[in-house]
Each structure stands twice: as structure tokens, then as C-alpha cells.
Amino acid sequence: MDDTLNWRSGLAPWASDARASRGRLIAEEPSRTRTPFQRDRDRIIHSTAFRRLKHKTQVFVSHEGDHYRTRLTHSIEVSQIARSIARSLRLDEDLAEALALVHDFGHTPFGHAGERALEAKMSGQGGFEHNAQALRIVTELETPYPNFDGMNLTWETLEGLIKHNGPVQGPHAPQGATVQATVVNYNHRHDLDLSTFASLEAQASAISDDIAYNSADVDDGLRAGLFTMAELSQVPFIARILSQAGQCSTDRLAAFVTRRVITELVEDAIFTSRRRLAHLGVTSVQDVRNAGQQLLDFSPATTLELDGLRKFLFQHMYRHPRVMAVMQPAEVLVERLFDCYLASPEEIDKVAAKLAPAALKRRVCDHIAGMTDDFALREAQRLFDDAPTLR
């Protein structure tokens, strides 16, 4: 092994070891200074898909305010939490960070509104789902290399991207779940073990996403005036945190609550997972994959508290009339763009205009899924002379 490589020492036996990586679909010379997982992380950060996240909706469309989270700032927050969890559990921090940074690559403009529109338009044509679209981006649509398409990420990063929430087929997959055609097609070329659980680094990315968006949505919802601190205090989890705060201004109180939500969830996930790993006698990455359950999770008590917060946010934020007033016309806008490009593919480019119907639909879907909120609105203005204000 080249001694200039920055191999991390002190990993736990259940951690992914870059030296034992299953490699890349296309063989490459190893780096003299970076592990395979570090290279993946760097490729993700330097991609165009990563840069586009800065103008993609998390909950609030970007022009609604400078202090709300976007997909980019959310992904950075997820990566910080994932590295913290990985360090405490002696996992590979670089793999956990890479998965956190890439996990939202497949999201459309206008968040879940755009995804609903593309799901409907691609029904019967291979479907649309943001995790599968992320795989499509990193294996086909990004083209930074002269001799092949895609970013040629390691097997472990691709596995974690698709399976961070658990297996997508087999006895442990969600009942009734269907595997997207994009995933099936890639899996024929590069088997990702779709029926097993992913690494603990992938599970760290998944639970960090959960922690980041729940805590951030408390902060953004308060900042937007969608609910008050008095209303939020009716959630038992938040009431318990507020009892520790003392007297301070509303802004400081919101920051305190957000910070404590993150801290309590991170600490609970770490200690719960340590106990579970010890109880099950996990001694290898393969034990993790064959465990039959997600090993990195919250305790039952914390899960119950978090469910209460989720229900509150669903009622008071995600279904708030102000949010819905933006998301409904955004969904219609994405549908109109799809129909327009399908009827006039030359509006995308000359190549699209020559495609067969099925290939054209996927090309239109890829084109729209990659758009930022701002670009989608500019295209609506150009094509229809009628862009919604989304306010």
C-alpha cells in the first residue's frame, strides 16, 4: 500500500474500510494522496449537480428570503451531522460525508411539488423518484471525464445512495415497493446488493437527514411566521427543551431550540446504536448488511417524541396555506414545462428533437429534474410569457 495515502486509523470493525472497497465500475489508477471515499466526496462537491442545489427549494422557494434553507445548505448541515455520528461510532467519515452531500442530487425544482409532477408524467415510462434520479445523475448525466459517462463513484457510495433508507427489494424492502427502472438497469451492470441493508455510513447519512430537516424546519417555520413559539411549545419534545432555556428573546429562543433538537437527536442515535451493535454482536460490515434491520436509529422514547414533532410540522408547516399556495402553482408549472418540451423538443436542444418517444420523455424528465427553481421560472417566462410569482 502506498504510504502517502491518507488511510484513516482506528476504524471500528463494523466500519467501511476504503482499503477493502469493492471498487468502481470502470477501473482507475488509485490516488497517491486520497482514499477512494475521499475522492468520491471531492467529485460530488465539484459536480454541477452539487452547485445547482443552491437554488433548489427545501421548503421555501429561494426568492422568499435569504435565511431559509435550500437543498445546498440542508446538504451541508446533513454532512456535518453525519460526520459527527460517524466519528463517534468510529465509521469512515469521508464516506458518510460523501453520502450526505449527494443524497439530494435527484430532487427537482420546487421540492416535492416538482417530484409529484414528474412522477405523474413518467407513470408507465419507468417512473420518477429522486433517489433513482440521483443515481442516474452520478452514473450517466454528469460527464466530467472524456472516456465515459458519470462520475464513476465507488460501489459503497452508490450502494449507500440507493439503500440508505434500507433495502429496495427482497424481504426487508417496504411492502409493495417497486424498484425504479434506472436502479434495475444500473444494477444489471454493477450489482448493488439491493436486498441487503447498506453500510452504517449510509445509515448515518439517512438519520442525519432526518435530524437536519426536522430541526431546520422548526427554525424556518418560526422565522416565516407559520407558527408561534407558543404553538410549538404544545409539542412535548419541544416543551421539554424549552424548560431548559430560561428567559431570552424569541430569536435566541428559536436558535436554542434548534440547537438542542439536533444535540438530543444526535446523542440519542449514537448511544442507541452503540447498544444495538453490542447487543447483536456486530463485528463486520457484512454483519451490518445482513442484520435484517437498520442498526443506526433512535430509541423508542425519542422516536415517539420525534413523531409528535413531525405531526406538528406536517399540520402547521408543510400543509400551511402559505406553503400550499406556492407549491400548487409550482406543480402546475412543472407539468406545463414537461408538455411543452415534449411537443417541441427543439426547445431543449437539437439532439432531443431526434429522439424516439420513450427516450424523449426521459430526456425531458432529466432536463426538468436538473433545473433550479430560478431556471424553471425563467423558462416559463420564455416559453409561455407567464411565470407565476410563487409568493
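Residues numbered from 1 in each chain as written. Predicted model: local features only at pLDDT ≥ 70, side-chain atom pairs only at ≥ 80, totals over all residues. Heavy atoms only, no water.

1. Considering the overall build of the protein
The cut-off we apply is this: Helical segments are the DSSP runs of H or I of at least four residues, strand segments are the runs of E of at least two, and each set is numbered from the N terminus. The atom set for the radius of gyration is the C-alpha atoms, and the globule formula is 2.2 Å times the number of residues raised to the power 0.38. Between buried and exposed lies partly exposed: a residue is buried under 20% and exposed over 50% of the maximum accessible area for its type, with that area taken using a 1.4 Å probe on protein chains only. Residue contacts are defined here by distance: any two heavy atoms, one from each residue, within 4.5 Å place the two residues in contact. For accessible areas, the Shrake-Rupley method is used with a probe of radius 1.4 Å. Any residue's cover is judged against the shown protein chains and nothing else. Lys and Arg are tallied as positive, Asp and Glu as negative. Neither His nor the chain termini are counted. Charged groups are reduced to one reference atom each: NZ for lysine, CZ for arginine, CG for aspartic acid, CD for glutamic acid.
Along its length, the protein carries 17 helices and 0 strands. Relative to the globule expectation of 21 Å for 391 residues, the C-alpha radius of gyration of the protein, 22 Å, shows essentially globular dimensions. Along the longest, intermediate and shortest principal axes, the C-alpha atoms of the protein span 60 × 55 × 40 Å. A total of 391 residues make up the protein; the buried ones form 53% of that total. Here the analysis covers contacts within the protein between residues at least 6 apart in sequence; of these, 74% occur between residues at least 24 apart. Total accessible area on the protein is roughly 17,500 Å²; 51% of this is exposed by carbon and sulfur atoms. Distance between charge centres in the protein, computed from 45 positive and 52 negative side chains, equals 1 Å.

2. Let's talk about the pattern of salt bridges
Worth spelling out the cut-off: Salt bridge criterion: a side-chain nitrogen from Lys or Arg within 4 Å of a carboxyl oxygen from Asp or Glu.
With the rule as written, the count across this model stands at 32 salt bridges. Residue Arg19 pairs with Asp17 through a salt bridge whose shortest N-O separation is 3.2 Å. The class for Asp17 is partly exposed, based on a relative accessible area of 27%. Residue Asp219 pairs with Arg69 through a salt bridge whose shortest N-O separation is 2.8 Å.

3. Topic: unusual backbone geometry
For Arg90, which is not glycine, the phi torsion reads 60 degrees and is therefore positive. You can see Arg90 is positioned in the loop between helix 3 (71-88) and helix 4 (93-102). A residue is classified by how much of its surface remains accessible, and Arg90, at 41% relative accessible area, is partly exposed. Unusually for a residue other than glycine, Asn152 sits at a positive phi of about 55 degrees. Relative to the helices and strands, Asn152 resides in the loop between helix 6 (130-141) and helix 7 (155-163).

4. As for the nonpolar core
Filter applied, for reference: We define the nonpolar core as a collection of buried residues of types Ala, Val, Leu, Ile, Met, Phe, Trp, Tyr and Cys that are connected through side-chain atoms lying within 4.5 Å of one another.
Counting 77 residues, the largest nonpolar core has Ile85, Leu232, Leu309 and Ile368 as its most contacted members. Broken down by element, the residue count for this core peaks at 10 residues, all from helix 12 (residues 250-280). With residues up to four places along the chain from it excluded, the contact list for Leu232 reads Val218, Leu222, Phe227, Ile238, Leu309 and Phe312. Formed by 25 residues, the second largest nonpolar core is a distinct cluster that contains Leu101, Val102, Ala132 and Leu194.

5. Describing the environment of Gln381
Tracing the backbone through its elements, the reader meets Gln381 in helix 17 (residues 373-384). According to the relative accessible area criterion, Gln381 is partly exposed, its value standing at 38%. C-alpha of Gln381 to C-alpha of Ala98: the two residues are 283 residues apart in sequence and 36 Å apart in space.

6. Details of helix 5 (residues 111-121)
Among the residues making up helix 5, those that are buried are Gly111, Ala113, Gly114, Glu115, Ala117 and Leu118. If you follow the buried residues of helix 5, they end up packed against helix 3, helix 6, helix 15 (321-343) and helix 16 (357-369).

7. Quick word on the packing of aromatic side chains
Aromatic ring pairs are reported here in terms of the distance separating the ring centres and the angle at which the planes meet. For the record, the criterion: The rule is short: rings of Phe, Tyr and Trp, with Trp giving its six-membered ring, pair when the centres are within 6.5 Å, and they are stacked under 30 degrees, edge-to-face over 60, tilted in between. We count a charge as sitting over a ring when the NZ of a lysine or the CZ of an arginine lies within 6 Å of the ring centre and within 35 degrees of the ring normal.
In the structure shown here, the tally under the stated rule is 2 aromatic pairs. Ring plane angle 80 degrees and centroid distance 5.1 Å describe the contact between Phe227 and Phe312, whose orientation is recorded as edge-to-face. Of the two residues, Phe227 is situated in the loop between helix 9 (200-224) and helix 10 (229-232) and Phe312 in helix 14 (residues 300-318); the sequence distance between them amounts to 85 residues. Both residues of the pair, Phe227 and Phe312, count as buried. Between Arg22 and the ring centre of Trp155, over which it is positioned, the NZ or CZ distance is 3.8 Å. In this arrangement the basic side chain of Arg336 is found over the ring face of Phe384, its NZ or CZ atom lying 4.0 Å from the centre.

That's the geometry; what it means functionally is another story.
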